[in-house]
Amino acid sequence: MKHLAIIPGDGIGKEVIDAGMDVLDAVCEISSFDYDGELFDIGSERYLANGELLTDEDIDGLRRKDAIYFGAIGDPRVKPGILEQGILLRMRAVFDQYINLRPVTSWFPLVPLKREVPFDIHFLRENTEDFYMGAGGTFDGRRKDAHIKVKREMYELDIDLEAVSSNGDDFAFEIGLLSRGGISRFAEYAFEYAQARGEKKITLVDKANVCTHIYGMQRAVFEEKSKEYGMGLEYMYVDAMAMAMIVRPETFGTVAVPNLFGDILTDLGAQLQGGLGMGGSGNINPKGVSMFEPIHGSAPDIAGQKKANPIAAVLAAQMLLENQGYPEEGCMLKKAVRHCLDSGLTTPDLGGRLTTGEVGKAICRHILEQKK
Ligand code: ATP
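This structure is a prediction, so every number in the text was calculated from the model and none was measured.

What about the state of the cysteines?
Then comes step 1: Under the criterion given, the structure shown has 0 disulfides.
Then comes step 2: Not part of a disulfide, Cys-331 finds its nearest cysteine sulfur in Cys-340, a span of 15 Å.

Quick look at the site of the ligand
Then comes step 1: Lining the immediate surroundings of the ligand are 15 residues, of which Gly-297, Ser-298, Ala-299, Asp-301 and Asn-309 lie closest.
Then comes step 2: At 2.7 Å from an oxygen atom of the ligand is found a main-chain nitrogen or oxygen belonging to Gly-297.
Then comes step 3: At 2.7 Å, a side-chain N or O of Asp-301 approaches an oxygen atom of the ligand.
Then comes step 4: Protein coverage of the free-state accessible area of the ligand, which is 600 Å², stands at 65%.
Then comes step 5: In the shell around the ligand, the residues fall into 7 nonpolar, 6 polar and 2 charged.

Structural notes on the side chain of Asp-206
Then comes step 1: Along the chain, Asp-206 turns up in strand β10 (residues 201-206).
Then comes step 2: Relative accessible area serves as the criterion here: at 0%, Asp-206 is assigned to the buried category.
Then comes step 3: Each residue touching Asp-206, except ones within four places of it in the same chain, is listed here: Tyr-215, Gln-218, Arg-219, Tyr-235, Met-236, Tyr-237, Val-238 and Phe-261.

Regarding unusual backbone geometry
Then comes step 1: In the Ramachandran plot, Ala-299 falls in the positive-phi region, its phi being about 40 degrees despite a non-glycine side chain.
Then comes step 2: Its location among the elements puts Ala-299 in the loop between β14 (290-294) and α10 (311-323).
Then comes step 3: The exposure class assigned to Ala-299 is partly exposed, which follows from its relative accessible area of 21%.
Then comes step 4: For Lys-306, which is not a glycine, the phi torsion comes out positive at approximately 60 degrees.
Then comes step 5: Tracing the chain through its elements places Lys-306 in the loop between β14 and α10.

About the thresholds
Residues numbered from 1 in each chain as written. Predicted model: local features only at pLDDT ≥ 70, side-chain atom pairs only at ≥ 80, totals over all residues. Heavy atoms only, no water. Disulfide = S-S within 2.5 Å. Near = heavy atom within 4 Å. Polar contact = N/O pair within 3.5 Å; in protein donor to acceptor, adjacent residues only side chain to side chain. Areas by Shrake-Rupley, 256 points an atom, 1.4 Å probe, with all protein chains shown as cover. Nonpolar A, V, L, I, M, F, W, Y, C, P; charged D, E, K, R; others polar. Helix = DSSP H or I, 4+ residues; strand = E, 2+ residues; numbered from the N terminus. Buried < 20%, exposed > 50% of the residue type's maximum accessible area, 1.4 Å probe, protein only. Contact = heavy atoms within 4.5 Å.

By themselves these figures say nothing about function.
Below, the structure is given as structure tokens:
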């Protein structure tokens, strides 16, 4: 029995998680997978009512679970950034979910490329370092001799301003930082993930020809790990990777990508596979509590209208199943999604006429049929 935390959150998050739980229930009916789900009231309504984002009590409760199934947060009544930072980013940091897994799969005939070659790229985005650590500042260039001290948890840096701005101009900076330990655990996860998928190599995306320090170190560590694991390693610059994803997506399998570039490439990937309603994602700590969610946000413009596509949330549930040791059940779920797409059983974003719940039920029916 798996113990899951269920956080529907805001907007369409509630609707798609309802459909996703119907699908998980169908999986329980026909397999050895079983779960109990505890609902956590985390999101904009509670924040607006009493100012609470993610409380210590929430964290204690979530820590006791095997995994978290998350819908979406975001609300036009709340200033942008508050819910994202106070809930989502905090949760990723507290549970040190250092891998962001984003599969980009061709769900024909719905991909915009219209190339009849199936692809299945699995992006592993490093989730804690690089340029997204919030280490930076805006500075008065007249204070030429000043030293900037940046503190963020365990990191402390001294930067000589003279070296950065010698003409007295104001400036702003953002530090991209990678640690050897951070790269190592990322590389280990990537090689193990690719091995489990039966692949012989991984692709590492960077911009090592320009950002030589951080990505040079990243290459060195990945190189060491590729020897350790006896796996191949291919390098791609991020600009070349963006082009290659359009012209030859089928040539990629597991792709490791640092935080900032991963953010951009996975959104390109989302469109390649049919839009925001089609992508699941995992925020993973291989030794801790991982969280699985659709890639879209709360979509306030369509909330409450029953037209949100639940497939992204269903694919998040599929990733949760695989992560928790139920790969066959995950596979059933994928087959059921493909069946619905091939049969036109879809929501309006994919040209169909069904509601969120109806697509969920269609997926359930196909799962139950796989047992017969
Ligand atoms: P947030 O700030 O919470 O991320 P957002 O509106 O900026 O919300 P998304 O929620 O990701 O960003 O959605 C962007 C648009 O994509 C929405 O306005 C909606 O029309 C569409 N969209 C997103 N998810 C879905 C879905 N599951 N089904 C159908 N359309 C969707």
